[in-house]
Amino acid sequence: MGPASYALLVGAAFAAGLVDAIAGGGGLIAFPALVAVGLPPHLALGTNKGQAVFGAVSSAASYWRGGGLDRDRAPLAFALGFAGSCLGAAAVLAIRPEPLRPVFIVLLAAAAVVVLLRGHVHARAHPPVHPRVALAGIAVGLGAYDGFFGPGAGSMLIVAFVLVFGDPMMRASGNAKVVNLASNLAAVAVFAARGTVLWEIAVPMAAANAAGATVGSRLALRHGDRFVRWVVLLVVSAAIAKLAVDFARA
């Protein structure tokens, strides 16, 4: 790749880290950028995880220090998110790469719709009867999705924590970062072991992603739920516009 491609990917990684820290959906920026510069699906997935994990660490640490997440839920959410992501990453590596492109387009569209609807989600009045069971379903299920594909997983986690636990949006965003960190760590370990992470691309993207995540976490903690909702709606609008252009060109 030439300097222009590297510059595009670094810029995309910074934007992805910033957006992901606030509202989830950073993969809707980083993954298409990796595909756009010519990487095959498996390499794009692995490299995306290689760069995203550093932003996930930075974002989770910022929410932890700022008191923006529930520390009593964190250990179980982390462990189950890690396990689910291992299953998802192993599954995607068992599939031949040729059929993945149309599958990814469908998953991106579904992820964008979920993010769009999130602006109309209202928290439930009471917590679940069996909170550990509910947390297990969220962490394992969406951890597996994150390991298998990824884009939109952070936003889906926020939706789940709002709907199931009644978390305010900013709190849900912080709690989502715990599962997201676990799923990224598990997925990058699986992909790296199979040689599908291009570290010469992932490392400069990782530095930009971590910087963006730090900025995004501070903005979310400072400005709260209304800010998070507006950012996610802007991200979704951009994602839908890109998908529309892709379908038109196909």
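Rules used in this analysis
- Residues numbered from 1 in each chain as written.
- Predicted model: local features only at pLDDT ≥ 70, side-chain atom pairs only at ≥ 80, totals over all residues.
- Heavy atoms only, no water.
- Helix = DSSP H or I, 4+ residues; strand = E, 2+ residues; numbered from the N terminus.
- Buried < 20%, exposed > 50% of the residue type's maximum accessible area, 1.4 Å probe, protein only.
- Contact = heavy atoms within 4.5 Å.
- Patch = residues over 30% accessible without salt bridge, like charges linked within 9 Å, V, L, I, M, F, W, Y side chains within 5 Å.
- Areas by Shrake-Rupley, 256 points an atom, 1.4 Å probe, with all protein chains shown as cover.
- Salt bridge = Lys/Arg side-chain N within 4 Å of Asp/Glu carboxyl O.
- Phe/Tyr/Trp six-rings, centres within 6.5 Å; stacked < 30°, edge-to-face > 60°.
- Lys NZ or Arg CZ within 6 Å of the ring centre and 35° of its normal.

(A) How the structure looks around the environment of valine 10. In this fold, valine 10 is placed in helix H1 (residues 3–23). Residue valine 10 is classed as partly exposed on the basis of its relative accessible area, which comes to 30%. Between the C-alpha atoms of valine 10 and alanine 202, which are 192 residues apart in sequence, the distance is 9.3 Å. Leave out the neighbours within four places in its chain, and valine 10 touches Pro204, Met205 and Ala208.

(B) Quick peek at a nonpolar patch on the surface. Together, Phe54, Trp199 and Val203 give the surface a local cluster of nonpolar side chains, amounting to about 290 Å² of exposed area. On the secondary structure map, phenylalanine 54 appears in helix H3 (residues 41–65).

(C) How the structure looks around the packing of aromatic side chains. One pass over the structure, following the stated rule, counts one aromatic pair. Note on phenylalanine 161 and phenylalanine 165: the rings are 5.9 Å apart at their centroids and 45 degrees apart in plane angle, and the pair reads as tilted. A residue pair is termed a helical-turn pair when its members lie 3 or 4 positions apart in one helix, as phenylalanine 161 and phenylalanine 165 do in helix H7 (residues 153–165) at four residues. Exposure class is identical for phenylalanine 161 and phenylalanine 165. Each is buried. Above the ring of phenylalanine 165, the side-chain terminus of arginine 73 is found at 4.1 Å from the ring centroid.

(D) Spatial organisation of the side chain of serine 58. Relative to the assigned elements, serine 58 resides in helix H3. In contact with serine 58, other than residues within four places in its own chain, are Ala210, Ala213 and Thr214.

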